[in-house]
Amino acid sequence: MNTLPLPLDGITVVAVEQAVAAPFATRQLADLGARVIKVERPDGGDFARGYDTAARGLASHFVWCNRGKESLAVDLKDPRGLAVVRELVAGADVFVQNLAQGAAARLGLDAASLCAAHPRLVAVDISGYGAGGPYAHKRAYDMLVQCEAGLVSVTGTAEQPVKAGVPAADIAAAMYAFSGVLAALLRRAATGRGGPVEVSMLDALAEWMGHPLHQGMHGATPPPRTGLAHSVIAPYDAFATADGEQVLLSVQNDREWRRLAEQVLGRPELAEDPDFATNAARTANRERTDDAVGRALAGLTGEEALAGLEAAGIACARLNTVADVAAHPQLAARDRWREVGSPVGPLRALLPPITLPGGEDPRMGAVPALGEHTDALLRALGMTDEQTSVLRRDGVIAGPGPSRAVGRSGAGEP
């Protein structure tokens, strides 16, 4: 049987992007086969390149969000640099940008302008708060949007609100931009027209607020911050074991509580006790409920507690560290790890979560060096080495120069 091609094979994406939201969106497109040309500033590139040096000298955010792309380092403020990008966009299927509000429009690179000039183009504007309204020009870093969207109000302990440990607002916007591109490409296939796609970080994360938002809007009290616990289910929390591990468990109904009481706690009478027999009663008596569970698990090792909970059919998990996830037996058993190329050599990376059985493997290309593909891209547009040398001399472009090869291990060839 023939292997199906990657679904975005043949699609070209041009992205004027930085940080996380747009780069993470376009990385999904690259993994599914699209050719992604990443436009960066010549003087340092995407500022996420400088966040840290944790990935063997490279920035962890950049490695995560930018594999499989071609880097074009060009100054968009110079008319010659802007002309290069405009020519690339004219031949592209998708354009994505997440510049500061108003910057793309000043360059003529906003979705509305580009789609008017190129009817088949799908053009995506990613912003913090949207194009209109009183917040349109506010700075929109991830932590700020987490606060504005109310996520921080329901995350943390009763005493201390905390932001999510991953850039939730950026990721939410990225995934809606990704799915918006796919939807627009389907519409183009049916109508011949692409069109603008607009995504804001606030809109995306407000949608993710889900049940707390609907609770509050429709008259109920929004759920309080409860750490790892659940506002309306008990027991539902992490409990320490004899060897210092933290084991989480969740009892979803009274049948499960009976099994927990009988088979793990060794206290079958709690299944009939009116203070514990129903979830409403256990929630009202949360401290006593948690104390009963905590005492039982404190006498077991983590392995013993998990084995007992599994045998009783109780949902449970370890409270893993980042190192534990990197060594997770389920990820290893399902062969979810690969290596991708980079300027510092191979780096470990997870397969993308979308699995397409019967198709080609995801195209997990190399993480590009700044401007690595600049000269090859300009040659493909018809520029001579002499012309690119002038642009390099004038600071309009950056990159390794025409003598260096591009398309290292896994990188897409222009």
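Residues numbered from 1 in each chain as written. Predicted model: local features only at pLDDT ≥ 70, side-chain atom pairs only at ≥ 80, totals over all residues. Heavy atoms only, no water.

Enquirer: I tried to follow the sheet that holds strand β7 (residues 236-240) on my own but got confused; where do I start?
Expert: Through backbone hydrogen bonds, the strands of a sheet pair up, either in parallel or in antiparallel fashion. Pairing is antiparallel across the open sheet formed by three strands, whose spatial order is β7-β8-β9. Among the strands making up the open sheet, the edge pair consists of β7 and β9 (315-318). With strand direction ignored, the average angle separating the axes of adjacent strands in the sheet is 25°. Bridge count for strand β8 (residues 246-250) against β9 is four bridges, and the pairing is antiparallel. Looking at the pairing, V247 lines up with R318 of β9. Its contacts with the sheet place helix α12 (residues 286-298) against β7 and β8, and it is angled at close to 35° to β7. Across the sheet, helix α13 (residues 302-311) touches β8 and β9, and the angle it forms with β9 is around 160°. (Pairing = 2+ DSSP bridges. Helix = DSSP H or I, 4+ residues; strand = E, 2+ residues; numbered from the N terminus. Axes fitted to C-alpha atoms, helices over the stretch in contact; angles between N-to-C directions. Contact = heavy atoms within 4.5 Å.)

Enquirer: How do you make sense of the sheet that holds strand β3 (residues 69-74) when you look at a structure like this?
Expert: Within the open sheet, the seven strands sit side by side as β6-β5-β4-β1-β2-β3-β12. Their pairing is mixed. Unpaired on one side and paired on the other, β6 (195-200) and β12 (397-398) mark the two borders of the sheet. Pairing of strand β5 (residues 122-127) with β6 involves six bridges; the strand directions are parallel. Bridge pairing in β6 links V124 to V197. Lying on the sheet, helix α7 (residues 168-191) is in contact with β4 (94-97), β5 and β6; it crosses β6 at an angle near 165°. Docked against the sheet, helix α8 (residues 201-208) engages β5 and β6, running at close to 65° with respect to β6.

Enquirer: Even after reading the chapter, I still don't get the packing of aromatic side chains, so can you show me in this structure?
Expert: Ring pairs (aromatic) are described by centroid distance and by the angle formed between their planes. The final tally for this structure, using the stated rule, is four aromatic pairs. Taking the centre distance of 4.8 Å and the plane angle of 40° together, the rings of F24 and W64 count as tilted. Within this pair, whereas F24 is found in helix α1 (residues 21-31), its partner W64 is found in helix α2 (residues 60-65), the two being separated by 40 residues in sequence. The buried category is assigned to F24, whose relative accessible area is 9%. (Phe/Tyr/Trp six-rings, centres within 6.5 Å; stacked < 30°, edge-to-face > 60°. Buried < 20%, exposed > 50% of the residue type's maximum accessible area, 1.4 Å probe, protein only.)

Enquirer: Looking at this structure, I do not really get the nonpolar core. What am I missing?
Expert: The tendency in soluble globular proteins is for nonpolar side chains to be buried as a group. Among the nonpolar cores identified, the biggest contains 43 residues, and V13, V94, V96, V124 and I126 are the most heavily contacted of them. Of all elements in the fold, only β1 (12-16), α1, β4, β5, α7, β6 and α8 reach the threshold of two or more residues within this core. With 11 residues, the single largest contributor to this core is α7. Formed by 29 residues, the second largest nonpolar core is a distinct cluster that contains V84, L107, L391 and I397. (Core = buried A, V, L, I, M, F, W, Y, C linked by side-chain atoms within 4.5 Å.)

Enquirer: Please clarify how the pattern of salt bridges should be interpreted in this entry.
Expert: A side chain of one charge can pair with a side chain of the opposite charge when the charged atoms of the two come close. Per the stated rule, a full pass over the model turns up 23 salt bridges. Taking the shortest distance from any N to any O, the salt bridge between E245 and R318 comes out at 3.2 Å. Residue E245 is found in the loop between β7 and β8, and its partner R318 is found in strand β9; the two are separated by 73 residues along the sequence. For E245, a relative accessible area of 23% puts it in the partly exposed group. Under the relative-accessibility criterion, R318 is labelled partly exposed at 34%. Between R258 and E262 there is a salt bridge, with its nearest N and O atoms 3.6 Å apart. Within this pair, R258 and its partner E262 are both found in helix α10 (residues 254-263), separated by four residues, close to a single helical turn. Overall, the relative accessible area of 34% leaves R258 in the partly exposed class. Classification of E262 as partly exposed rests on a relative accessible area of 38%. (Salt bridge = Lys/Arg side-chain N within 4 Å of Asp/Glu carboxyl O.)

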